[in-house]
Number of protein chains: 4
Amino acid sequence: MPGTIVFGAAETARTMPMPVTSKTRGVFAIAPTPFQVDGRVDFDSIDRMVDFYQAGGVDGLTILGIMGEAPKLDSEEAAAIVQRVVRRASMPVIVGVSAPGFAAMRSLSRTAMEAGAEAVMIAPLPSLRTDEQIVSYFSQACDAIGHDVPFVLQDYPLTLSVIMTPSVIRRIVEENPSCVMLKHEDWPGLEKISALRGFQKEGSMRELCILCGNGGLFLDFETARGADGAMTGYAFPEMLVDVVRLAGSGEREALHDLYDAHLPYLRYEQQPGVGLAVRKYVMMRRGAIACDAQRRPGAGLGATARAEVEFLLSRLARHDPRARLD
Amino acid sequence: MPGTIVFGAAETARTMPMPVTSKTRGVFAIAPTPFQVDGRVDFDSIDRMVDFYQAGGVDGLTILGIMGEAPKLDSEEAAAIVQRVVRRASMPVIVGVSAPGFAAMRSLSRTAMEAGAEAVMIAPLPSLRTDEQIVSYFSQACDAIGHDVPFVLQDYPLTLSVIMTPSVIRRIVEENPSCVMLKHEDWPGLEKISALRGFQKEGSMRELCILCGNGGLFLDFETARGADGAMTGYAFPEMLVDVVRLAGSGEREALHDLYDAHLPYLRYEQQPGVGLAVRKYVMMRRGAIACDAQRRPGAGLGATARAEVEFLLSRLARHDPRARLD
Amino acid sequence: MPGTIVFGAAETARTMPMPVTSKTRGVFAIAPTPFQVDGRVDFDSIDRMVDFYQAGGVDGLTILGIMGEAPKLDSEEAAAIVQRVVRRASMPVIVGVSAPGFAAMRSLSRTAMEAGAEAVMIAPLPSLRTDEQIVSYFSQACDAIGHDVPFVLQDYPLTLSVIMTPSVIRRIVEENPSCVMLKHEDWPGLEKISALRGFQKEGSMRELCILCGNGGLFLDFETARGADGAMTGYAFPEMLVDVVRLAGSGEREALHDLYDAHLPYLRYEQQPGVGLAVRKYVMMRRGAIACDAQRRPGAGLGATARAEVEFLLSRLARHDPRARLD
Amino acid sequence: MPGTIVFGAAETARTMPMPVTSKTRGVFAIAPTPFQVDGRVDFDSIDRMVDFYQAGGVDGLTILGIMGEAPKLDSEEAAAIVQRVVRRASMPVIVGVSAPGFAAMRSLSRTAMEAGAEAVMIAPLPSLRTDEQIVSYFSQACDAIGHDVPFVLQDYPLTLSVIMTPSVIRRIVEENPSCVMLKHEDWPGLEKISALRGFQKEGSMRELCILCGNGGLFLDFETARGADGAMTGYAFPEMLVDVVRLAGSGEREALHDLYDAHLPYLRYEQQPGVGLAVRKYVMMRRGAIACDAQRRPGAGLGATARAEVEFLLSRLARHDPRARLD
């Protein structure tokens with residue numbers, strides 16, 4: 001329970017992480033929420049998982065996103081998870097605060113920022129349709145959480161069924177100075193990155209950090225298109241870090257060689273629905289979490305699927321020893 | 001704040017209301033949530049509103065539904081509203097506990113039942129599509145809230161975009177003994193009532209209370225089709241009570257005369273989106289609440305619309321003096 | 001078969017009907033497509049139906065709309081129906097040419113205009129989401145049918161799930177001079193009429209004819225908001241004609257007295273899905289068509305529903321003798 | 001124009017291709033429709049394209065599917081394309097006949113079978129939701145096209161937003177003997193193949209051919225799960241043929257080596273929306289069609305995207321010389 005956590009001391013000890021701004025670069029891992037077999041939150045695994053990401057070299061963490069099963073938590077659990085992650089992490093933490101209404105969004109946002117998060121992430125309500133509805137939604141969301149709270153705009157049409165054109169994103173960015181980052185998860189989305197960077201070049205949009213999602217399925221080209229990095233939950237965050245680094249140093253062939261070796265498994269992990277089960281299974285096999293359980297409703301991983309995953313990892317391990325699990 | 005409410009005494013004083021079962025009959029008013037102009041919950045108006053419904057002769061109250069702006073409340077506000085309504089009402093209270101996840105649904109359901117509510121109401125998640133997904137969702141929801149908590153199944157395709165066939169409703173009713181009532185809000189829905197009553201007649205479905213929604217737009221025929229009454233938020237609950245009574249006593253012409261007099265305004269109130277603004281405005285004009293404000297995002301009522309409403313009420317008042325407002 | 005119809009003579013005899021322009025006013029009836037019991041098009045009933053509408057005093061006809069079961073026709077049948085209606089009618093005919101692709105839209109549009117139709121009607125594809133997609137769709141549609149063909153923009157979110165804001169409608173109107181009319185069928189839609197008329201008043205949008213649909217469910221107020229009339233399929237087109245006339249002459253009480261008398265039945269006919277069955281049944285009872293059959297998939301009208309309709313008509317007949325059927 | 005095609009002679013000369021039955025195995029290529037720059041159908045390229053697929057070793061062709069831009073054709077064009085393809089092909093041809101209504105579906109189906117197609121393919125209407133609606137739709141579709149016409153059931157939730165559970169597919173298969181094949185395009189879909197094969201093993205469903213779509217994105221595992229092959233439009237049909245052959249001969253490592261080499265490009269081609277532009281571009285580069293134009297509305301391929309495709313092909317060519325283009 002959040003109330004029983006002694007907070008002050010841990011907070012004092014914590015090194016101040018980098019703030020999240022429109023100049024942020026690198027890899028933010030989308031962290032799952034570890035559960036025990038009976039569905040309770042596994043707080044010990046949260047610590048292990050944070051350490052796992054830290055060891056993997058990521059630049060920050062994003063928690064309580066869709067892949068973090070955030071809608072399956074009640075408000076006290078969400079608060080407790082934020083506090084636990086922030087205490088453990090020495091890197092910036094972004095907290096998903098998407099909610100059916102602004103009151104719940106404000107509550108969680110306040111909890112997150114008070115606990116030491118650096119920013120929040122907001123997805124549009126699935127019922128939004130017109131450009132005006134979308135733009136006005138984010139303006140009202142900013143009023144709700146406070147204009148001093150940096151926020152990440154999540155653009156994820158496949159799951160949310162809300163389509164934001166580049167112009168709509170530009171309007172949101174221009175009207176809300178606290179919008180510092182785009183979690184780019186349109187699909188297909190390469191042209192959208194080019195369009196947004198084109199807006200900046202022509203001076204019609206200010207600077208904006210763009211981190212890409214979709215499990216990394218196009219990360220090999222997204223950096224070349226102008227993305228600043230990745231924000232996704234791929235179970236080998238080290239690969240994401242390497243790809244972004246190789247993009248920065250211009251080592252294109254090495255980048256694609258590494259990326260292509262991961263792609264057969266990455267594609268398997270990137271399936272909607274069952275993907276989270278795959279990801280949690282591999283994170284469990286890698287020791288990052290104790291148990292791959294999901295809360296209901298959640299897809300399990302059958303024996304055949306598990307064998308397929310192991311087969312893919314064994315093939316991957318020939319190229320990338322980090323995939324060797326045993 | 002819920003913590004500051006002294007609870008024990010009021011609870012003791014409260015007469016035990018009728019339980020909500022599959023034999024429940026009559027009119028349950030869907031209550032809006034009164035807000036102040038600045039968006040805070042108006043607890044004083046909650047008391048006035050409960051008294052208003054009680055004076056109108058309704059048999060019970062349903063709170064925190066879609067029309068109650070439930071998704072715009074945070075969890076503490078929702079709890080405080082439940083407690084306030086239950087303390088004031090001497091009739092049974094049903095609490096909407098629909099939520100994106102089962103943890104939040106369980107929390108609110110527990111809060112509601114502990115505060116003295118008689119039942120909860122659950123709508124399907126808008127993302128559900130197949131028969132199996134819908135049936136399994138309600139089975140998991142029952143596991144979450146506890147099989148001892150009576151619940152109302154909400155069938156509202158227009159807003160939720162989930163279509164439940166009569167067979168699916170029957171499966172949910174048969175598999176979950178705690179399902180005591182259907183809030184019937186399909187549109188069109190007359191044949192669905194007949195189909196469900198046909199299931200009961202042929203012995204393939206147990207008894208089930210059916211109360212109808214949709215602002216009362218077909219209540220004149222729904223009772224004849226076999227509905228047990230209404231569960232809707234029409235701003236003249238007295239009319240709903242009269243119609244259900246006249247249906248019971250077989251006074252068909254009187255029923256339609258009364259109903260038809262209300263229909264021009266009723267239809268205006270039943271518009272999606274703007275309907276709640278109309279309803280709150282008229283409830284404010286009738287003295288049931290102090291202020292017709294909605295939380296954002298919420299549709300306001302322009303001057304022309306207000307004049308149209310006043311005009312409709314003035315015409316209604318020629319037939320039903322209860323619509324005389326001045 | 002269209003090829004066997006001798007065309008020239010009938011065409012010559014036909015008086016040139018009024019063109020459809022942005023100055024058009026009045027009532028255009030949305031005509032159903034009469035079928036025989038076995039599903040074949042009933043061409044004889046087409047003639048009877050055209051005469052029925054003509055006797056009812058409507059100003060024009062709209063055929064092959066959604067209510068006309070247009071998607072259930074193949075291209076030869078659609079062409080034959082257009083030709084039959086145009087030959088019989090001495091008033092302007094608008095033809096629905098909505099199609100999944102522009103090639104089929106162009107084919108039917110050409111057929112319609114060559115047969116003597118005055119304009120076509122185009123609904124947006126249900127998959128359109130963003131403002132840009134919608135605006136660009138209508139621009140491409142105009143390219144397809146030809147910029148010289150007057151067209152009616154159909155705005156029907158309830159069925160098409162495409163939401164067009166007033167600004168988007170203005171862009172379509174401004175970018176496409178051949179857009180002469182809006183079939184207004186948003187729900188709720190009163191404020192949209194006011195917004196569009198506001199655009200014209202402030203000079204940001206040119207003149208546009210607005211005719212209202214939705215079965216007439218708000219026609220009593222739509223004219224006062226600035227609509228030029230109705231375009232809907234209500235089975236008593238005479239009432240629509242009367243209401244528009246009374247609105248023009250400022251007889252407000254008489255208008256509402258007549259309208260309110262029709263509303264109980266009108267609301268019943270306006271149900272989605274089953275509504276067309278009700279309408280065809282009443283048109284058959286009134287002698288306008290020989291048979292109320294729909295093509296599959298189509299909702300039938302059960303015995304109870306038929307009795308409900310007869311009851312509503314008998315009550316209506318006390319106020320409006322045109323509803324007396326026997 | 002179809003009428004100008006001399007048909008008899010060519011038909012006589014044509015070798016009878018294998019019928020399409022529930023025992024069909026192998027690769028059916030989903031063929032695009034070649035257009036000229038001005039949007040006219042490019043009939044010469046149809047011949048070249050058929051020869052290209054034949055040389056690639058595919059077992060059959062599927063035309064007028066979603067990727068074949070079928071909704072953008074009018075009915076005469078569709079008929080002409082069917083006739084041209086069937087005349088040229090010495091393998092079985094399946095024709096997509098999905099349509100908004102049964103009359104158009106019946107017309108095209110008749111045209112296709114009379115021209116010499118072996119089967120038709122039917123996708124559910126996007127508006128279908130409940131199990132009963134879906135099952136009843138296919139039963140009515142069979143009535144429309146005739147119960148003697150073999151048909152392929154298309155299961156493509158990502159694009160059609162209709163979700164068919166394995167039980168619903170079983171009902172369709174059991175109720176309609178003319179259903180010979182499933183175009184499996186659910187995503188994720190591996191468990192669905194296992195579930196359907198499980199039904200057959202337990203004797204609750206008869207034999208059914210399952211060919212997989214989705215651009216081949218999971219073909220490496222789909223065959224192992226029990227699929228009989230592929231039905232998709234990947235621009236290197238030879239690879240699909242090889243993978244299905246290697247699966248048959250149990251050469252698992254060789255299968256994955258080949259598949260993984262293609263995956264970086266295959267994934268790029270498999271993007272929704274832009275994917276068809278990529279596929280047509282590569283087919284043009286391979287000489288299969290003269291021009292990669294799409295009819296409006298259609299996504300073009302920008303210079304950066306073209307460069308990305310060329311880069312991916314150059315990397316692929318190191319492993320598979322068939323990707324060498326110059």
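A. Molecular detail of the sheet that holds strand E2 (residues 60-63) of chain B. Residue and element names in this part refer to chain B. Here eight strands make up a closed barrel; going around it, the order is E1-E2-E3-E4-E5-E6-E7-E8 and the pairing parallel. Here the average twist between neighbouring strands, direction ignored, is 25°. Bridge count between strand E6 (residues 179-184) and strand E7 (residues 209-212): four bridges; the pairing is parallel. Residue Met-181 lies in a different strand from E7, and its bridge partner there is Cys-209. Docked against the sheet, helix H5 (residues 131-145) engages strand E4 (119-122) and strand E5 (151-155), running at close to 145° with respect to E4. Contacting E5 and E6, helix H7 (residues 166-175) runs over the sheet at an angle of about 170° to E5.

B. Representation of the side chain of Thr223(C) within the structure. Residue and element names in this part refer to chain C. Inspection of the secondary structure puts Thr-223 in helix H9 (residues 219-225). Owing to a relative accessible area of 15%, Thr-223 belongs among the buried residues under this scheme. Apart from the residues within four sequence positions on either side, Thr-223 is in contact with Val-244, Ala-247 and Leu-255.

C. Region of the structure containing the interface of chain A and chain B. With 17 residues of chain A in contact, the opposing surface of chain B contributes 17 residues. Here Arg296(B) and Asp143(A) are joined by a salt bridge, their closest N and O atoms 3.0 Å apart. The interface formed by chain A and chain B holds seven residue pairs in polar contact (both at pLDDT 80 or more) in total. Among the secondary structure elements, those contributing two or more residues to the side of chain A that touches chain B are helix H3 (75-88), helix H4 (102-115) and helix H5 (131-145) of chain A. Here the side of chain A that touches chain B is built from residues that sort into seven nonpolar, four polar and six charged.

D. A look at the side chain of Asp131(A). Positionally, Asp131(A) belongs in helix H5. No salt bridge is formed by the buried Asp131(A); the nearest opposite charge belongs to Arg171(A), separated by 5.2 Å.

E. Spotlight on the confidence of the model for chain A. Residues and elements named next belong to chain A. In the predicted model, chain A carries a mean pLDDT of 94, and the fraction of residues at 70 or more is 96%. Across residues 1-12, where pLDDT falls below 50, the model places 14 contacts with residues more than four positions away in sequence or in other chains. As a predicted assembly, this complex carries a pTM of 0.94 together with an ipTM value of 0.94.

F. The packing of helix H11 (residues 252-269) of chain A against helix H12 (residues 275-285) of chain A, seen in detail. Residue and element names in this part refer to chain A. As a packed pair, H11 and H12 sit with axes 7 Å apart at the nearest point and diverge in direction by 125°. Here H12 runs oblique to H11, going by the angle between their axes. Between H11 and H12, the contacting residues are Tyr-265, Tyr-268 and Glu-269 on the first element and Gly-275, Val-278, Arg-279 and Val-282 on the second. Counted by class, the contact of H11 with H12 contains four nonpolar, one polar and two charged residues.

G. Expanded view of the state of the cysteines. Considering all chains together, one arrives at zero disulfides over all chains under this definition. Residue Cys179(C) stays outside any disulfide, its sulfur separated by 7.4 Å from that of Cys142(C), the closest cysteine.

H. Structural detail: the pairing of strand E3 (residues 93-96) of chain B. Residues and elements named next belong to chain B. Residue alternation in E3 divides its side chains into two sets, Val-93 and Val-95 and Ile-94 and Gly-96, and both sets are buried. As paired strands, E2 and E3 are joined by three bridges and run parallel to one another. Along E3, the bridge assignment pairs Leu-61 with Val-93. Traced from E2 through helix H3 (residues 75-88) to E3, the parallel crossover comes out right-handed. As paired strands, E3 and E4 are joined by three bridges and run parallel to one another. Within E4, the position partnered with Gly-96 by the bridge is Met-121. On the question of chirality, the crossover connecting E3 to the parallel E4 by way of helix H4 (residues 102-115) is right-handed.

I. Fine view of the sheet that holds strand E6 (residues 179-184) of chain D. All names here are of chain D. On the basis of which strands lie adjacent, the closed barrel formed by eight strands has the order E1-E2-E3-E4-E5-E6-E7-E8 and parallel pairing. Within this sheet the neighbouring strands show an average axis-to-axis angle of 25°, counted without direction. The sheet contacts of helix H3 (residues 75-88) involve strand E2 (60-63) and strand E3 (93-96), and relative to E2 the element is tilted by about 170°. Across the sheet, helix H7 (residues 166-175) touches strand E5 (151-155) and E6, and the angle it forms with E5 is around 170°.

J. Spatial organisation of the interface of chain D and chain A. Opposite the 32 residues of chain D that make contact, chain A presents 32 residues. Overall, the association of chain D and chain A removes approximately 3,000 Å² of surface from exposure, summing both partners, and the carbon and sulfur fraction of that is 61%. One can count 12 salt bridges joining chain D with chain A. With a closest N to O distance of 2.7 Å, Glu308(A) and Arg225(D) form a salt bridge. When contributions to the side of chain D that touches chain A are tallied by element, the ones reaching two or more residues are helix H8 (190-201), helix H9 (219-225), helix H11 (252-269) and helix H13 (303-317) of chain D. Element by element, the count of residues in the side of chain D that touches chain A is highest for H11(D), at 10 residues.

K. Inspection of the pairing of strand E1 (residues 26-30) of chain D at higher detail. Residue and element names in this part refer to chain D. Of all five residues that make up E1, five are buried, and the element is covered over most of its length. Sheet topology places E1 next to strand E8 (residues 229-232); four bridges connect them, and they run parallel. Along E8, the bridge assignment pairs Ala-29 with Thr-232. Where E1 meets E2, three bridges bridge the pair, whose relative direction is parallel. By the bridge assignment for E2, Ala-29 is matched with Leu-61. Since E1 and E2 lie parallel, the crossover through helix H2 (residues 43-55) that links them has a hand, and here it is right-handed.

L. Structural detail: the environment of Gln133(A). Relative to the assigned elements, Gln133(A) resides in helix H5. A C-alpha to C-alpha distance of 19 Å links Gln133(A) and Met121(A), two positions 12 residues apart in sequence. Not counting residues within four places of it along the chain, the set of residues in contact with Gln133(A) comprises Ser127(A), Leu128(A) and Ile163(C).

M. Structural context of the pattern of salt bridges. Residue and element names in this part refer to chain C. A full pass over the atoms with the stated rule returns 124 salt bridges over all chains. Where Asp-228 meets Arg-25, a salt bridge forms, and the shortest distance between an N and an O atom there is 3.2 Å. Here the residue Asp-228 occupies a position in the loop between H9 and strand E8 (229-232), and Arg-25 occupies one in the loop between helix H1 (8-13) and strand E1 (26-30), the gap between them amounting to 203 residues. Taking relative accessible area as the criterion, Asp-228 reaches 13% and is therefore assigned buried. Taking the relative accessible area as the measure of exposure, Arg-25 reaches 38% and is therefore partly exposed.

N. Spatial organisation of helix H10 (residues 237-248) of chain C. Residue and element names in this part refer to chain C. The end-to-end C-alpha distance of H10 is 17 Å, a good match for the 16 Å that 12 residues give at a rise of 1.5 Å each. The element H10 is largely enclosed, with a buried count of nine among its 12 residues. Those residues of H10 not exposed but buried are Pro-237, Glu-238, Met-239, Leu-240, Val-241, Asp-242, Val-243, Val-244 and Leu-246. Directly after H10, the chain includes Gly-250, whose backbone phi takes a positive value near 75°.

O. Spatial organisation of the relation of the copies chain D and chain A. Mapping chain D onto chain A leaves a residual RMSD of 0.0 Å; the transformation is a rotation of 180° accompanied by 0.0 Å of translation along its axis. The transformation just described matches what one would write down for a two-fold rotation axis. The position closest to the rotation axis in chain D is occupied by the C-alpha of Leu263(D), lying 3.7 Å away. The overlap is high: 100% of the interface residues of chain D also sit at the interface in chain A, so the same surface is used on both sides.

P. Representation of the packing of aromatic side chains within the structure. Enumeration over the complete set of coordinates arrives at 42 aromatic pairs over all chains. For the ring pair Phe138(D) and Phe151(D), a centre distance of 6.3 Å and an interplane angle of 10° mean the geometry is stacked. Highlighted residues: Phe138(D) in helix H5 (residues 131-145) and Phe151(D) in strand E5, separated in sequence by 13 residues. Pair check on accessibility: Phe138(D) and Phe151(D) agree, each one buried. One aromatic cluster is present, built from ring pairs that chain together Phe102(A), Tyr137(A), Phe138(A) and Phe151(A).

Thresholds applied
Residues numbered from 1 in each chain as written. Chains lettered and ligands numbered in written order. Predicted model: local features only at pLDDT ≥ 70, side-chain atom pairs only at ≥ 80, totals over all residues. Heavy atoms only, no water. Pairing = 2+ DSSP bridges. Helix = DSSP H or I, 4+ residues; strand = E, 2+ residues; numbered from the N terminus. Axes fitted to C-alpha atoms, helices over the stretch in contact; angles between N-to-C directions. Contact = heavy atoms within 4.5 Å. Buried < 20%, exposed > 50% of the residue type's maximum accessible area, 1.4 Å probe, protein only. Salt bridge = Lys/Arg side-chain N within 4 Å of Asp/Glu carboxyl O. Polar contact = N/O pair within 3.5 Å; in protein donor to acceptor, adjacent residues only side chain to side chain. Nonpolar A, V, L, I, M, F, W, Y, C, P; charged D, E, K, R; others polar. Lys, Arg positive; Asp, Glu negative; His and termini not counted. pLDDT = per-residue confidence, 0-100. Parallel < 35°, antiparallel > 145°, perpendicular 65-115°, else oblique. Disulfide = S-S within 2.5 Å. Right-handed = clockwise from strand over helix to strand, strands pointing away. Buried area = accessible area lost by both parts, 1.4 Å probe. Expected span 1.5 Å × (residues − 1). Least-squares fit on C-alpha atoms with pLDDT ≥ 70 in both. Phe/Tyr/Trp six-rings, centres within 6.5 Å; stacked < 30°, edge-to-face > 60°.

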